[in-house]
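Okay, here's what each chain looks like letter by letter:
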Amino acid sequence: MKEHTYALTVNWTGNTGQGTTSYTAYQRDFSVEAQGKPALPGSADPAFRGDRSRWNPEDLLLASVSACHKLWYLHLCAVNNVNVLAYVDNPEGRMVEGDGERKGHFTEIVLRPQVVVSNDSDPQVALRLHEDAHHECFIANSVNFPVRCEAVINRAG
């Protein structure tokens with residue numbers, strides 16, 4: 001079994017000079033940093049006093065699931081003679097703040113990739129490979145809620 005390790009720094013940048021003396025005394029801003037990569041500005045979701053112009057953990061989880069699926073999908077298409085010319089996803093995740101038993105959690109993510117394949121590619125194979133990509137995706141395999149895929153395949157031209 002291969003093992004991979006990932007490391008980064010999440011640096012809270014929201015101390016306004018008072019620290020966390022009260023719930024309203026600080027900003028939720030942070031920076032995600034990793035060697036050799038540009039910093040990613042983060043904050044809480046605006047519903048939790050965050051800055052809407054920055055990435056929040058919920059956005060990043062949704063992006064991670066979508067990106068992982070896309071990367072596996074493109075790989076599987078490449079090795080199965082499906083020529084993808086364009087790929088765009090508009091995923092949506094649903095989170096509840098708490099239901100009595102559990103604290104806030106995601107209840108599902110729905111991926112909605114729109115894929116354009118070359119005219120000589122089989123659209124049925126292209127569609128089936130989304131299911132294969134779902135089973136390969138490390139992120140989808142790591143979450144405890146359903147991830148669904150509502151893919152649309154179009155031919156070029």
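Details of the structure are given in the entry above.
Residues numbered from 1 in each chain as written. Predicted model: local features only at pLDDT ≥ 70, side-chain atom pairs only at ≥ 80, totals over all residues. Heavy atoms only, no water.

(A) Just the pairing of strand β6 (residues 103–111), in detail. As judged from the six bridges shared by strand β5 (residues 92–98) and β6, these two strands associate in the antiparallel manner. Bridge pairing links Val96 to His105 in β6. Counted between consecutive antiparallel strands, the loop separating β5 from β6 contains four residues, among which Gly100 sits at a positive phi close to 95°. Bridge count between β6 and strand β8 (residues 147–149): three bridges; the pairing is parallel. Each bridged residue has a counterpart across the sheet, and for Val110 the counterpart in β8 is Arg148. (Pairing = 2+ DSSP bridges. Helix = DSSP H or I, 4+ residues; strand = E, 2+ residues; numbered from the N terminus.)

(B) Inspection of the sheet that holds strand β2 (residues 30–33) at higher detail. Spatially, β1-β2-β3 is the arrangement adopted by the three strands of the open sheet, whose pairing is antiparallel. Here the strands that pair on one side only, and so sit at the sheet edges, are β1 (9–12) and β3 (40–42). Pairs of neighbouring strands in the sheet enclose a mean axial angle of 25°, with direction left out of account. (Axes fitted to C-alpha atoms, helices over the stretch in contact; angles between N-to-C directions.)

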